[in-house]
Amino acid sequence: MSSPVLRPPGAPVPGSVGIVSPRSLTFTEPLQLASGGSFGPYSLTIETYGVLNADRSNAVLICHALNASHHVAGHYADNPRDVGWWDNMVGPGKPLDTNRFFVIGVNNLGSCFGSTGPRDIDPATGAPYGAAFPVLTVADWVNAQARVADELGIERFAAVMGGSLGGMQALHWAIAYPDRLAHCVVVASTPRLSAQNIAFNEVARRAIISDPDFHGGNYYAHDTVPRRGLAVARMIGHITYLSDDDMAEKFGRALRAPGADGAFRYGYDVEFEVESYLRYQGEKFSDYFDANTYLLITRALDYFDPSKHLGGDLAKALAGVKAEFLLTSFTTDWRFPPERSREIVEALLRNERPVTYAEIDAPHGHDAFLLEDARYHAVVSAYYDRIALQLGLGERVGQLPEEAIPPHAELETVAGAAR
């Protein structure tokens with residue numbers, strides 16, 4: 001078992017967690033998969049922030065979304081611009097305060113950011129796994145994360161937290177390991193994908209698979225990348241992350257390089273600013289993300305449905321959970337709209353579980369969960385302050401002012417029956 005540094009709470013450090021270093025954990029015992037097979041050995045890349053207290057009670061697991069990773073906060077010494085994807089959320093004095101909590105980021109199995117994935121070498125063949133890499137599910141990822149907790153000697157998390165796909169993982173943690181987390185924090189997520197969401201994922205996958213450079217998923221052997229398909233897939237996904245209002249404000253119908261007197265150029269190259277933006281996002285994504293990983297993760301999104309074998313009854317799926325919950329949604333998120341979070345809230349209330357729900361009026365669509373919104377962060381800060389009080393972790397240094405508390409958020413804490 002690896003031993004994280006243990007020490008009493010020290011002097012608070014303001015600002016960022018600073019320079020961080022990832023590390024890799026190798027697991028030789030095969031992981032049993034939901035598909036019926038198994039996979040192993042494998043490695044998972046992790047990062048940790050803060051200090052694990054003596055009784056190991058202050059650990060918080062962060063579950064990442066589609067194109068994120070273990071790199072949640074801080075930056076690397078050799079690349080100060082590579083800042084963690086949730087750095088505005090995690091750090092000293094931030095909503096998830098690393099002066100009090102020990103935070104763990106795990107790169108999921110099948111990813112392309114350090115953990116074993118499709119482009120890694122299969123020891124049985126000496127070639128990249130490619131298309132032979134197994135199809136994974138949210139349950140598989142959570143089971144692998146539980147092994148990380150075992151390795152770190154953490155029997156029970158103070159909280160498991162995630163946004164979007166990460167929220168699905170947090171929800172599955174509460175279902176599959178009810179005794180191993182005290183709190184479940186689910187942000188901008190859903191208990192299952194709608195038909196529309198599955199359709200978006202399928203179109204994105206077909207863009208990749210139909211790219212001539214895909215080569216049935218074994219493009220590594222051809223020293224190529226299905227760049228065009230991956231770029232289009234990202235463009236499709238990116239549209240779903242932004243609200244109509246946000247896109248209108250950023251781009252409207254502005255032209256990229258209009259002709260004389262604002263005339264159209266009457267062609268099929270970039271004409272509007274929004275086209276230029278989407279192409280840039282797609283091309284940038286295709287430079288660093290692996291196409292097989294994209295297929296794998298979007299399919300895991302499709303498969304997630306904890307009530308599938310219970311006649312679609314989410315309350316039955318959540319009947320065994322023991323954690324307290326915080327759910328947060330955003331009014332303009334049309335990918336995972338507030339109705340989906342309310343569905344989880346209602347199912348929890350039917351089981352008389354304590355749940356806090358905040359619906360934030362924010363203009364940024366699904367991406368709002370990644371952005372720094374004072375009202376959203378105040379909700380999360382207050383919730384973690386309550387957890388810290390329960391665990392005797394002390395008060396926050398540099399608390400948000402009272403005026404940051406969201407006056408227009410729909411925020412309610414309920415224990416027992418719905419009201």
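Starting afresh in each chain, residues are numbered from 1 along the sequence in its written order. For a predicted model such as this one, the threshold for reporting local features is a pLDDT of at least 70, and the threshold for listing and counting side-chain atom pairs is 80 or more; totals across whole chains, interfaces and linings nevertheless cover every residue. Side-chain numbers here rest on the full set of heavy atoms in the structure, without hydrogens or water.

K.L.:
How should the confidence of the model for the protein chain be read in this particular structure?
P.N.:
Confidence scores here are pLDDT values: one per residue, from the predictor, ranging 0 to 100. In the predicted model, the protein chain carries a mean pLDDT of 91, and 91% of its residues have values of at least 70. Between two residues, a contact is recorded if the distance between any of their heavy atoms is within 4.5 Å. Contacts for the low-pLDDT stretch residues 1-14, under 50 throughout, to residues beyond four places or in other chains number 25 contacts. Here residues 401-419 is modelled with pLDDT under 50, and outside its nearest four sequence neighbours on either side it reaches 33 contacts, counting other chains as well.

K.L.:
I'm lost on the packing of aromatic side chains in this one. Help?
P.N.:
How two aromatic rings sit relative to each other is given by the distance of their centres and the angle of their planes. Only Phe, Tyr and Trp rings are paired, with Trp represented by its six-membered ring, and only when their centres lie within 6.5 Å; those with planes under 30 degrees apart are stacked, over 60 edge-to-face, the remainder tilted. Summed over the entire model, instances satisfying the criterion amount to 23 aromatic pairs. Here Trp85 and Trp86 contribute two aromatic rings whose centre-to-centre distance is 5.1 Å and whose plane-to-plane angle is 15 degrees, an arrangement assigned as stacked. Accessibility here uses a 1.4 Å probe with only protein chains present; expressed as a share of the type maximum, an area under 20% marks a residue as buried, one over 50% as exposed, and anything in between as partly exposed. Its relative accessible area of 0% is what places Trp86 among the buried residues. Here the aromatic rings of Phe200 and Trp334 are separated by 5.9 Å at their centres, their planes lie at 70 degrees, and the arrangement is edge-to-face. With a gap of 134 residues between them, Phe200 in helix 3 (residues 195-209) and Trp334 in the loop between strand 13 (324-330) and helix 9 (338-350) connect regions that are remote in the sequence. In this description a helix means any DSSP run of H or I spanning at least four residues, a strand means any run of E spanning at least two, and both kinds are numbered starting from the N terminus.

K.L.:
For this particular structure, what's the right way to read the side chain of Asp302?
P.N.:
Considering the arrangement of structural elements, one finds Asp302 in helix 7 (residues 291-303). Setting aside its immediate chain neighbours within four residues, Asp302 contacts Leu193, Ile198, Asn201 and Arg205.

K.L.:
Just checking my understanding: could you explain the pattern of salt bridges for this structure?
P.N.:
Oppositely charged side chains are able to pair whenever their charged atoms sit close together. In the sections that follow, a salt bridge refers to a side-chain nitrogen of Lys or Arg positioned within 4 Å of a carboxyl oxygen of Asp or Glu. Enumeration according to the criterion identifies 23 salt bridges in this entry. Linking Asp246 and Lys250 is a salt bridge whose minimum nitrogen-to-oxygen distance equals 3.7 Å. With a gap of four residues between them, Asp246 and Lys250 both fall in helix 5 (residues 244-250), about one helical turn apart. Relative accessible area serves as the criterion here: at 5%, Asp246 is assigned to the buried category. With relative accessibility at 47%, the residue Lys250 sits in the partly exposed group. In this structure, Arg350 and Asp313 form a salt bridge, with 3.7 Å as the shortest nitrogen-oxygen distance. Taken as a pair, Arg350 in helix 9 and Asp313 in the loop between helix 7 and helix 8 (314-317) lie far apart in primary sequence, 37 residues in all. According to the relative accessible area criterion, Asp313 is buried, its value standing at 18%. One continuous salt-bridge network, built from bridges that share partners, spans Asp97, Arg100, Asp385 and Arg396.

K.L.:
I tried to follow the side chain of Asn58 on my own but got confused; where do I start?
P.N.:
When you line up the elements, Asn58 lands in the loop between strand 4 (42-49) and strand 5 (59-63). With residues up to four places along the chain from it excluded, the contact list for Asn58 reads Val51, Leu52, Asn53, Arg100, Phe101, Phe102, Ala158, Leu391 and Leu393.

K.L.:
Whenever I open this one, unusual backbone geometry confuses me. Can you help?
P.N.:
The peptide bond linking Gly40 to Pro41 adopts the cis configuration, its omega dihedral lying at -5 degrees. By secondary structure assignment, the location of Pro41 is in the loop between strand 3 (38-39) and strand 4. One non-glycine residue, His215, lies in positive phi territory at about 50 degrees. For His215, a relative accessible area of 33% puts it in the partly exposed group. The backbone phi angle of Tyr266 is positive, close to 55 degrees, even though this residue is not glycine. Of note, Tyr266 is situated in the loop between helix 5 and helix 6 (273-288). Residue classification places Tyr266 among the exposed residues on the basis of a relative accessible area of 71%.

K.L.:
Looking at this structure, I do not really get the packing of helix 4 (residues 227-241) against helix 6. What am I missing?
P.N.:
The description of two helices packed together rests on the angle between their axes and the distance between the axes. Lines are fitted to the C-alpha atoms to define the axes, a helix being fitted only along its stretch in contact, and any angle between axes, read from their N-to-C directions, falls within 0 to 180 degrees. The contact between helix 4 and helix 6 brings their axes to 8 Å, and the two run at 125 degrees. Classified by the angle their axes make, helix 4 and helix 6 are oblique. Two packed elements cross with a definite hand, and for helix 4 against helix 6 that hand is right-handed. Seen from helix 4, the contacting residues are Arg227, Leu230, Ala231, Arg234, Met235, His238 and Ile239; seen from helix 6, they are Tyr277, Leu278, Arg279, Gln281, Gly282, Glu283, Phe285, Ser286 and Asp287. When the residues that make up the contact of helix 4 with helix 6 are grouped by side-chain class, the tally is seven nonpolar, four polar and five charged. Any angle from 65 to 115 degrees is called roughly perpendicular, while one under 35 is roughly parallel, one over 145 is roughly antiparallel, and all others are oblique. With the far helix as reference, a near helix turned anticlockwise by less than a right angle produces a left-handed crossing, and one turned clockwise produces a right-handed crossing. Gly is put with the polar residues, along with every residue not named as nonpolar or charged; the nonpolar set is Ala, Val, Leu, Ile, Met, Phe, Trp, Tyr, Cys and Pro, and the charged set is Asp, Glu, Lys and Arg.

K.L.:
Mind showing me how you'd approach the pairing of strand 13 here?
P.N.:
Every regular strand shows the same layout, with side chains that alternate between the two sheet faces. Judged by how many residues are buried, strand 13 sits mostly within the fold: six of seven residues are covered. Note that strand 12 (residues 183-187) and strand 13 share five bridges and pair parallel. Counted as the bridge partner of Cys184 is Phe325 from strand 13. What joins strand 13 to strand 14 (residues 355-360) is helix 9, and the crossover it makes is right-handed. Strands qualify as paired when DSSP identifies two bridges or more between them. With strands facing away from the observer, any crossover in which the path from the first strand over the helix to the second runs clockwise is taken as right-handed.

K.L.:
Could you clarify how one ought to interpret the environment of Ala34 in this entry?
P.N.:
Assignment of secondary structure puts Ala34 in the loop between strand 2 (31-32) and strand 3. In contact with Ala34, other than residues within four places in its own chain, are Thr137 and Asp140.

K.L.:
What's the story with the nonpolar core in this structure? I'm lost.
P.N.:
Soluble globular proteins tend to pack their nonpolar side chains together in the buried interior. Residues belong to a common nonpolar core when they are buried Ala, Val, Leu, Ile, Met, Phe, Trp, Tyr or Cys residues joined through side-chain atoms within 4.5 Å. Counting residues in hydrophobic clusters, the biggest one holds 112 residues, and the most contacted among them are Phe101, Phe157, Met161, Phe325 and Tyr384. Once residues within four sequence positions are removed from consideration, Phe101 is found in contact with Tyr49, Gly50, Val51, Asn58, Val60, Leu96, Ala158, Tyr384, Ile387, Ala388, Leu391 and Leu393. Judged by nonpolar contacts, the second largest core, of five residues, contains Leu242, Phe251, Tyr277 and Leu278.

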